[in-house]
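Chain by chain, the residues:
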Amino acid sequence: MTVKPPPASEDERQIKRSIRALRDTSGVDLAFGGAVTRGRHAQLTEFSGNSTGALYGLTLGFGMGLGGKVVALRRPIAVNDYANSKRISHHYDLMVAAEGIRAVVAAPVVVNRTVRAVLYGAVRENVGLGDRTVDAVMHAARDLEQDLAVRDDLARRFDALTQEVSAADQSLTPASPRWETIRQAYAELRVLAQQLTDSELRDRVTAVCDKLAGAGVSTPRSSSVPALSSRELDVLSCVALGRTNADVADELGLRAETVKSYLRSAMRRLGCHSRLETVMVARRLGLLP
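Overview of the structure. Keep in mind the model is a prediction, meaning the values are calculated, not measured. (Residues numbered from 1 in each chain as written. Predicted model: local features only at pLDDT ≥ 70, side-chain atom pairs only at ≥ 80, totals over all residues. Heavy atoms only, no water.)

Our focus in this paragraph is the packing of helix H7 (residues 230–239) against helix H9 (residues 256–270). Between H7 and H9, the shortest axis-to-axis distance is 9 Å and the interhelical angle comes to 95°. It follows that H7 is roughly perpendicular to H9 by the angle criterion. In contact with Arg231, Glu232, Val235, Leu236 and Val239 of H7, H9 contributes Val259, Tyr262, Leu263, Ser265, Ala266 and Arg269. Here the residues of the contact of H7 with H9 sort into 7 nonpolar, 1 polar and 3 charged. (Axes fitted to C-alpha atoms, helices over the stretch in contact; angles between N-to-C directions. Helix = DSSP H or I, 4+ residues; strand = E, 2+ residues; numbered from the N terminus. Parallel < 35°, antiparallel > 145°, perpendicular 65-115°, else oblique. Contact = heavy atoms within 4.5 Å. Nonpolar A, V, L, I, M, F, W, Y, C, P; charged D, E, K, R; others polar.)

Right under this line is the structure:
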């Protein structure tokens, strides 16, 4: 059996989604940003609300302009009068003026001590930036940091899982010791999938989980097999590892009573009367690895 991770989601795609959401929720005239290469040079590639292409593709030198300084200092900076601000260098004034920007705030996106992106919120009117605008940009940066960190964790787990499966011999079966590693990885992937805000990536991870679940059965899953909800499978995958309801609740961010409810529902759907029986039946039907 080979397990292939879903195609990697580029940072730019997540940056684009964050920028669109930022403009929709903050009311800024222009939201923009881009990825940072090797933690030093940001390239502006994503825009929402731009009136020209003056800033598109601009690469910011380390410490230069607002974005370059944000990358260098690794902290947000807001300027209410960009053209006359003494807090930044003015290497990019012509491009900024062409876009009509008067006030702007920029925030770095830092993951594992590396600046991965810069997000901006700007207004064209000659008014100061309010706390709401500054907070919105900072919140968007923190959300993007979380998304990228989860994605990185998923990539590491996919790599580890692929290596584990590749290292196994052709006689890998659900009864082999290596299969417990597969089950552990399956449960961890299901938990991580619930943390993803990228619905496309979440669907891909779920699809890989489905392949893992069915890998232990000799025949394709029948259409007559009872369907379990995503949350029921999340709970059952953790229960299959011997975790208590309290442990599962903590893992999935649920209340213990909610975990019990999902578990009872899964037992009822599969016609079982105990946790162990439910796990065994789910594995036999290809619902769990």
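Under the counting rule described, the total for this entry stands at 13 salt bridges. When the shortest N-O distance is used, the salt bridge between Asp152 and Arg116 registers 2.8 Å. A residue pair is termed long-range when its members are at least 10 positions apart, and Asp152 in helix H4 (residues 131–167) and Arg116 in strand S7 (residues 114–123) qualify at 36 residues. No difference in accessibility class separates Asp152 from Arg116, as the two residues are buried. Close ionic contact of Asp153 with Arg156 constitutes a salt bridge, the shortest N to O distance being 3.7 Å. Remark: Arg156 and Asp153 occur in helix H4; sequence separation between them is 3 residues, near one turn of the helix. Through salt bridges with shared partners, one network takes in Arg116, Arg151 and Asp152. (Salt bridge = Lys/Arg side-chain N within 4 Å of Asp/Glu carboxyl O. Buried < 20%, exposed > 50% of the residue type's maximum accessible area, 1.4 Å probe, protein only.)

The end-to-end C-alpha distance of helix H1 (residues 11–26) is 22 Å, a good match for the 22 Å that 16 residues give at a rise of 1.5 Å each. Listed in full, the buried residues belonging to H1 are Asp11, Gln14, Ile15, Ser18, Ile19, Leu22 and Ser26. An end-on view of H1 places all buried positions within 140° of arc, on one side of the element. In this structure, H1 carries Arg20 and Asp24 as exposed residues pointing more than 90 degrees from its buried face. Following H1 by one or two positions, Gly27 adopts a phi angle in the positive range, close to 80°. (Expected span 1.5 Å × (residues − 1). Arc of directions from axis to C-beta.)

Turning to the packing of aromatic side chains, a few remarks are in order. Applying the stated criterion across every chain, the model contains 3 aromatic pairs. With a centroid separation of 5.6 Å and an interplanar angle of 5°, the aromatic rings of Phe32 and Phe47 are classed as stacked. Of this pair, Phe32 sits in strand S1 (residues 30–37) while Phe47 sits in strand S3 (residues 46–48), and the two are 15 residues apart along the sequence. Look at Phe32 and you get buried, because its relative accessible area is 4%. Look at Phe32 and Tyr120: their rings are 4.2 Å apart centre to centre, the planes differ by 10°, and that puts the pair in the stacked class. Taken together, the residues Phe32 in strand S1 and Tyr120 in strand S7 connect sequence positions 88 residues apart. The structure contains a cluster of three or more aromatic residues connected by ring pairs, namely Phe32, Phe47, Tyr56 and Tyr120. A cation sits over an aromatic face here: Arg40 above Phe62, 3.9 Å from the ring centre. (Phe/Tyr/Trp six-rings, centres within 6.5 Å; stacked < 30°, edge-to-face > 60°. Lys NZ or Arg CZ within 6 Å of the ring centre and 35° of its normal.)

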